[in-house]
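Understanding the architecture of this molecule
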Amino acid sequence: MAKYAIGDLQGCFTPLMGLLDQVNFNPSQDHLYFVGDIIARGPDSLACLAFLYQHADSVSVTLGNHDLHFLACLALGKAPNPKDKLDTLFASPKCQTYADFLQAQPLAIWLETQKTFISHAGIHPHWDVKQALQYARFAETIYQSENAPEFYANMYGAHPGLELNNLSEKDKFKAIVNVFTRMRFLDQNAELDLNNKSGLKDAGNLIPWFEFIPSNSDATFLFGHWAALEGQTNKNNIIALDTGCVWGGRMTMMNIDTGEKYQQNQT
């Protein structure tokens, strides 16, 4: 049984199939861990969700910002951004079924045997793995509840900071979602900067979140979200899997046990 982690799909179905062909993916034996942003911006979000749903027993997803935005739009009755190319998904009779599938997925996963933490954007360096999983569960309980719409409505706007014990439930939810799905750079005080989406060369005085993580940490962290990194973190235990397939780059998959990587062009 092989375990594979796969970078952001963003509606790019054909390269996903190419990657799985490379390793002769067997859904009865292998398991796929997707780092989020299954949908949006690419040509076939509906096909991506249909495949994951069909293989639900062999698939785990840590939700990304685009996935949560889809759930929020659906719950709040808002039209998607035309740039997200989600009209076909919203018009599908399976739309709610696929939304329910995504809603059941976590924000973070810990693989004890491999000492591997998986999330869409990473882990805040002030949180250890146990804390991060507790915060993820807090947010998951909310977006999987009947009260999710009121929390979705508060999910956007200014970042409320990370003094979680001093925040309202809605702002605590927002802060946790920001870390797991939107984080890239931190300032000198380890607070999130959600404006700079560039690569490392244009960081200015900001610091990539993973620079705060010790290289001798016994855990490995797998994440997506940050295509501008082009898969480079300069740290062996911090693995960036979003290599910008939807922007003309390649889709990346990694065997979690061996570290072997596979890549596939969009066409």
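Residues numbered from 1 in each chain as written. Predicted model: local features only at pLDDT ≥ 70, side-chain atom pairs only at ≥ 80, totals over all residues. Heavy atoms only, no water.

We now examine the sheet that holds strand β6 (residues 185–186). The strands making up a sheet associate through backbone hydrogen bonding, with each pair oriented either parallel or antiparallel. If you trace the three strands from one edge of the open sheet to the other, you get β7-β6-β8, paired in antiparallel fashion. The sheet is open, and its two edges are formed by β7 (192–193) and β8 (207–208), each paired on a single side. Here β6 runs beside β8; their pairing, made up of two bridges, is antiparallel. Bridged to L186 within β8 is I207. (Pairing = 2+ DSSP bridges. Helix = DSSP H or I, 4+ residues; strand = E, 2+ residues; numbered from the N terminus.)

A separate point is helix α8 (residues 169–182). With 14 residues, α8 should reach 20 Å at 1.5 Å per residue; the first-to-last C-alpha distance of 19 Å fits that figure. The buried count for α8 comes to ten of 14 residues, which makes it a mostly enclosed element. Among all positions in α8, only K172, F173, K174, A175, I176, V177, N178, V179, F180 and T181 are buried. Elements in contact with the buried residues of α8: α3 (65–76), β4 (108–111), β5 (116–119), α6 (129–143), α7 (148–152) and β7. (Expected span 1.5 Å × (residues − 1). Buried < 20%, exposed > 50% of the residue type's maximum accessible area, 1.4 Å probe, protein only. Contact = heavy atoms within 4.5 Å.)

Applying the stated criterion across every chain, the model contains zero disulfides. Cysteine C48 remains unbridged, with the sulfur of C12 as its closest cysteine sulfur at 6.9 Å. Judged by relative accessible area, C48 falls into the buried class, the value being 0%. Its sulfur unpaired, C95 is 10 Å from the next cysteine sulfur, which belongs to C73. A relative accessible area of 5% means that C95 is categorised as buried. (Disulfide = S-S within 2.5 Å.)

Moving on, we get to the UniProt feature "domain: Calcineurin-like phosphoesterase" (unreviewed entry) in the protein. Under the local residue numbering, the UniProt record ascribes the feature "domain: Calcineurin-like phosphoesterase" (unreviewed entry) to residues 5–138. The span residues 5–138 is 42% helix and 13% strand, and its two end C-alpha atoms sit 24 Å from each other. (UniProt positions renumbered as here; feature names shortened; annotations may be inferred.)

On to the nonpolar core, then. In terms of nonpolar packing, the biggest core is built from 81 residues, with I6, F34 and W209 touching the most fellow members. Broken down by element, the residue count for this core peaks at eight residues, all from α6. Excluding its chain neighbours within four sequence positions, the residues that come into contact with F34 are I6, L9, L16, L52, V59, S60, V61 and T62. Counting eleven residues, the second-largest nonpolar core is a separate cluster that includes A5, I109, I239 and M254. (Core = buried A, V, L, I, M, F, W, Y, C linked by side-chain atoms within 4.5 Å.)

On to the packing of aromatic side chains, then. Under the counting rule described, the total for this entry stands at 14 aromatic pairs. Summarising the aromatic geometry, the rings of F151 and F173 are spaced 5.6 Å apart at their centres and angled 75 degrees between planes, so their arrangement reads as edge-to-face. With a gap of 22 residues between them, F151 in helix α7 and F173 in helix α8 connect regions that are remote in the sequence. A connected cluster of aromatic rings, assembled from ring pairs, spans F185, W209, F210, F223 and W226. The side chain of K172 reaches across the aromatic face of F138, ending 4.4 Å from its centre. (Phe/Tyr/Trp six-rings, centres within 6.5 Å; stacked < 30°, edge-to-face > 60°. Lys NZ or Arg CZ within 6 Å of the ring centre and 35° of its normal.)

A separate point is the pattern of salt bridges. Scanning the entire structure with this criterion turns up four salt bridges. A salt bridge links E112 to K115; the shortest N-O distance between them is 2.4 Å. Residue classification places E112 among the partly exposed residues on the basis of a relative accessible area of 45%. Ionic pairing is found between K170 and E150, a salt bridge with its closest N-O pair at 3.9 Å. With K170 in helix α8 and E150 in helix α7, this pair connects stretches of sequence that are 20 residues apart. (Salt bridge = Lys/Arg side-chain N within 4 Å of Asp/Glu carboxyl O.)

The next point concerns the environment of G231. In this fold, G231 is placed in the loop between β9 (220–223) and β10 (238–240). As a C-alpha pair, G231 and T243 span twelve residues in sequence and 5.5 Å in three-dimensional space. The contacts of G231, once residues within four sequence positions are left out, are A240, D242 and T243.

Locating D30 in the fold gives a position in the loop between α1 (13–22) and β2 (31–34). One buried charged residue, D30, forms no salt bridge at all, with the nearest opposite charge on K3 at 9.0 Å. Only 3.1 Å separates the side chain of D30 from the backbone nitrogen of A2, close enough to count as a polar contact. Apart from the residues within four sequence positions on either side, D30 is in contact with M1, A2, Y4, N24, F25 and S58. (Lys, Arg positive; Asp, Glu negative; His and termini not counted. Polar contact = N/O pair within 3.5 Å; in protein donor to acceptor, adjacent residues only side chain to side chain.)

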